[in-house]
Amino acid sequence: MTSSPLRTALRSIVPTRNPIEAPPKPLASPAVVAPLESVATLGRRTAPPEDLALPEARLASLALHDVSKVYPNGKRALADVDLIVPEGDFVFLVGPSGAGKSTLIKLLIRDELPTTGSVFVAGQDVSHLRRRHVPRLRRQIGIVFQDFKLLPRKTVRENVAFALEVTGTPRRMIRSRVDSALALVGLSAQARQLPTTLSGGEMQRTAIARAMVHDPRVIIADEPTGNLDPLISWEIIQLLLRINDLGTTVLMASHNAEVVTALRKRVVALEEGRIIRDEVGGYHREY
Amino acid sequence: MISFLAFSFKRALEGFWRNKVMSLAATVTMILMLILISGLVIVLTGLEAGLRFVEEKVEVQAFLNDGVSAEAVNGLVADVEALPEVASVSYTSKEAGLNAFREQLAAQGKEDLTAVTGVNPIPASLNVKVKDPGVYGDVVKTLEAPRGVVDEVLETQRTADAIVNLSGVLRTIGLVIVVMVGLTVLFIVINTIRMAVMARADEIEIMRLVGASDAFIRWPFIIEGLFVGLLGGAITLGLLSLAGDPIHQVTAQITGELPIGFNEQLTQQLLAAVLGLGVVVGGIGAWISVRTYLIR
C-alpha cells in the first residue's frame, strides 16, 4: 500500500460517518454556539459572552469559558480558565505537575464537570450534556494517554476494533475502518501481534489508531510521549502532526521541552490552575 | 440489536474464560450458597412436615367403660360430631386397641406380655380430631356429659398447646435462619462478582473512554453474571441429585415412622428455586457491581 490511495481512503471516510451515530453537528458556527452559550449561562453570569464573538470562536473545536474546578476535597485545580482552540489547530498544553493539565483534559472529555463556567467541544456544551449523551461526545474525541491503555490480551487489530465494537458499529464496517486506522499509523504489518510484543512507540501508535478509528474531530493526548525515549517521541509527534494535517484538531499535554520548543506551535502554559501564557509559536520554559 | 446481543454474549463468554480464577471463585461461591440454601429448604420442609404430622396427631382420646351399650356410644359420637370444632370422631374397639398396642410393642422390640394376662386390659376408646389443634371448645365437656359411658378423658390439651407453641417458634426460627443465611450468602456472592468485575476495571475504563454506551458496558457483565448463576445452579442440582439417595436414607432413619417424604412437588420447587435464585443473584450481583463503574 502506498500512502496516496490511503489518504484518499481516509479523506473519503471523513464525511461519511457511522450511520447509527447521530448526524454530525455542523462545525461550531455562531448560530449554534450563541444559543447554547446563552442558555448555558442564563442568569448565572453577569459578563456577556463576548469571547465567543472572537473570530476564532466561529470554528472553535474546543472552548473553555471562565472555567474553574474545585475538587470535593477542596483542592482548586483550575481557576478562571479561558481557552479557545479553533478547528484544525495544534496546541501544546504545558505546565508543571499539578498545574491542572489533566483536570483540563478530564473536563474536555467530560470525565469531570466544571465547578463554574462552560466547556464546549465541537459546538456542544459538555458541562450541560446529559449523561446518556456522553458516549456520543466521546466518539467525537480521540483520547491518547501516556500509559497507552491497551488491552494486553487483544491483538493490535482487536484493540483498535474494540473501540468500534463497543460502540455498536456494524461488523462489515469495522474491518475497513480498522485497516485504514492501522495504515494511518503504519502498523498494518503488526496487526496480529499482541501489545506485549510491541515497542513502546508501536504501543502508542496502536493507541493513536484506536483514537482515530472513530474519525474524531479532536485528538486529545495526555503526555503521549511521557513513557517514550526521544527518538520514538519524535515519531509519535510526527504522526500527530500528520493527523493534524488531515484536518483533526490536536491538543497535546506535554512535558517535553525540546519537542514543544522545536515545533513552534501554539503553546498554552498552565500554572497553579491558571493560564499564565498562551502564545502562538510559543516557547516552553523548562519546568 | 442483533449485533448488540451477539456482542454482549461474545464478550460475556470471553470475560468468563479469560478470567478463569475469578469466574471459578464466583461460580463456586454460588454453588456453596445454593447448596446451603437448598439444604436449609430440605431441612425446613422436613421440619414442617413433622410438625404438621404431630399436630394432626393431637386428638382428644376418651376411654370408655367396659360393657357400655352400642346405642350409648353412637349417641355420644353423634353429640361430639355435631360440635363445630370437631373434624372427625373414630371408635376403636377393645380388640383393635389391643392389636395396635401389640404392634407398637413389636415395633419397639419389647416383649409382648398381654398374652399372659388372659383378659384384654385395653379399653375401647373414642378418638376425636379437632379442626384446629389449638381450639378444643366443649369437646371434653360433651364427652363427659353422659353418665357411665366415658371412664376417662385423656388430658391432651396442655400437650397440644405446647406442641402448637413449639412448632410456631421452630417455624419462626427456621425462617429467620433462612433469611440470615440468604442475606449473608447474597453479599458474599455479590462481592465475589464485584471482584470479577474489578479485575476488568481497565477494560471498562477503555470502553467508557472510546464512547461505549452504558448498555454495551453493562450487559456483557450481566449476562456473565446470569451465566455464573445458571452454571452454579446446574452444578448444584447435579450434586443434589447425586446426594439425593443417601440423604433420603439418612432422613428416613432419623424420622423413623414419621411420613416425611421428599415428594415430586418438593423436587420441582427445589429445581425452580435453585436455578431461579442462582440466575437472579448472578444478574443482580453483576448489575450492582458494574453500576459503580458507570455512575459519574
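Quick summary incoming for the structure in this document. Worth saying up front: this structure is predicted, and the values here are computed from it rather than measured.

What counts and what doesn't
- Residues numbered from 1 in each chain as written.
- Chains lettered and ligands numbered in written order.
- Predicted model: local features only at pLDDT ≥ 70, side-chain atom pairs only at ≥ 80, totals over all residues.
- Heavy atoms only, no water.
- Helix = DSSP H or I, 4+ residues; strand = E, 2+ residues; numbered from the N terminus.
- Buried < 20%, exposed > 50% of the residue type's maximum accessible area, 1.4 Å probe, protein only.
- Contact = heavy atoms within 4.5 Å.
- Areas by Shrake-Rupley, 256 points an atom, 1.4 Å probe, with all protein chains shown as cover.
- Pairing = 2+ DSSP bridges.
- Axes fitted to C-alpha atoms, helices over the stretch in contact; angles between N-to-C directions.
- Buried area = accessible area lost by both parts, 1.4 Å probe.
- Salt bridge = Lys/Arg side-chain N within 4 Å of Asp/Glu carboxyl O.
- Parallel < 35°, antiparallel > 145°, perpendicular 65-115°, else oblique.
- Left-handed = near helix turned anticlockwise from the far one by under 90°.
- Nonpolar A, V, L, I, M, F, W, Y, C, P; charged D, E, K, R; others polar.
- Phe/Tyr/Trp six-rings, centres within 6.5 Å; stacked < 30°, edge-to-face > 60°.
- Lys NZ or Arg CZ within 6 Å of the ring centre and 35° of its normal.

**Focus on the overall build of chain A**
Looking only at helices and strands, chain A has 9 helices and 10 strands in total. Within chain A, buried positions represent 55% of all 287 residues. Taking the contacts inside chain A whose residues are at least 6 apart along the sequence as the reference set, 70% of them involve residues at least 24 apart. By element, 55% of the accessible surface of chain A is carried by carbon and sulfur atoms, the whole surface being about 12700 Å².

**Some words on the sheet that holds strand E5 (residues 124–125) of chain A**
Residue and element names in this part refer to chain A. Spatial ordering of the open sheet is given by E2-E1-E4-E5, a layout of 4 strands whose pairing is antiparallel. In this open sheet, the two strands that pair with only one neighbour each are strand E2 (76–86) and E5. Sheet topology places strand E1 (residues 60–70) next to E2; 7 bridges connect them, and they run antiparallel. Each residue of the ladder has a partner; that of Leu-64, found in E2, is Leu-83. Sheet contacts for helix H3 (residues 101–108): E1, E2 and strand E4 (116–121); angle to E1, the most-contacted strand, approximately 120°.

**Quick notes on H3 of chain A**
Residue and element names in this part refer to chain A. With 6 of 8 residues buried, H3 lies mostly within the body of the structure. Inspection of H3 places Lys-101, Thr-103, Leu-104, Ile-105, Leu-107 and Leu-108 among the buried residues, and these make up the whole buried set. Among the residues trailing H3, Arg-110 stands out with phi positive, at a value near 55°.

**Here we look at the interface of chain B and chain A**
Many structure descriptions define interface size as the accessible area lost when the parts assemble. Between chain B and chain A, the residue contacts involve 21 residues of the former and 22 residues of the latter. Contact between chain B and chain A buries roughly 2000 Å² in total, counting both sides, with carbon and sulfur atoms accounting for 53%. The largest contributions to the chain B side of the interface with chain A come from Ile-206, Leu-209 and Val-210 of chain B, which together make up 31% of the buried area. Inspection of the region where chain B meets chain A yields 4 salt bridges. The partner of Arg-208 of chain B in a salt bridge is Asp-111 of chain A, and the shortest N-O contact between them spans 3.1 Å.

**Topic: the sheet that holds strand E2 (residues 86–92) of chain B**
Residues and elements named next belong to chain B. Overall, antiparallel pairing links the 4 strands, which are arranged E2-E3-E1-E4 in an open sheet. Both edges of this open sheet fall to E2 and strand E4 (150–153), since each of them pairs with a single strand only. In this sheet, neighbouring strand axes are inclined to one another by 20° on average, regardless of whether the strands run parallel or antiparallel. Note: strand E1 (residues 59–64) against strand E3 (residues 125–130), 5 bridges, orientation antiparallel. Paired with Val-60 across the two strands is Val-128, which belongs to E3.

**Quick look at the packing of helix H7 (residues 200–212) of chain A against helix H8 (residues 230–245) of chain A**
For any two helices packed against each other, one specifies the crossing angle of their axes together with the interaxial distance. Residues and elements named next belong to chain A. Packing of H7 against H8 leaves a shortest axis separation of 10 Å and a crossing angle of 15°. With respect to H8, the axis of H7 lies roughly parallel. The interaxial crossing formed by H7 with H8 has right-handed handedness. Of the residues in H8, those in contact with Gly-201, Gln-204, Arg-205, Ile-208 and Met-212 of H7 are Ile-232, Glu-235, Ile-236, Leu-239, Leu-240 and Ile-243. When grouped by side-chain class, the residues that make up the contact of H7 with H8 number 7 nonpolar, 2 polar and 2 charged.

**Topic: the packing of aromatic side chains**
Applying the stated criterion to the full structure yields 5 aromatic pairs over all chains. Following the ring pairs from residue to residue traces out a cluster consisting of Phe-4, Phe-7 and Phe-216 of chain B. Over the face of the ring belonging to Phe-145 of chain A we find Lys-149 of chain A, whose NZ or CZ atom lies 4.9 Å from the ring centre. Sitting above the plane of the Trp-287 of chain B ring, Arg-218 of chain B keeps its charged end 4.3 Å from the centroid.

**Some words on helix H5 (residues 156–165) of chain A**
Within H5 of chain A, 7 of the 10 residues are buried, which leaves it mostly tucked inside the rest of the structure. Among all positions of H5 of chain A, only Val-156, Asn-159, Val-160, Ala-161, Phe-162, Ala-163 and Leu-164 of chain A are buried.

**A few points about the pairing of E3 of chain B**
Residue and element names in this part refer to chain B. Counting buried residues along E3, 5 of its 6 residues qualify, which places the element largely inside the surrounding structure. Where E2 meets E3, 6 bridges bridge the pair, whose relative direction is antiparallel. Its bridge partner being in E3, Val-86 is matched across the sheet by Val-130.

**Some details on the environment of Val-268 of chain A**
Residues and elements named next belong to chain A. Its location among the elements puts Val-268 in strand E9 (residues 266–271). A sequence separation of 12 residues divides Val-268 from Val-280, and the C-alpha atoms of the two residues are 8.5 Å apart. Sequence-distant contacts of Val-268, that is, excluding residues within four places in its chain, are made with Leu-83, Val-91, Phe-92, Leu-93, Val-94, Ile-275, Arg-277 and Asp-278.

Worth remembering: the numbers are spatial, not functional.
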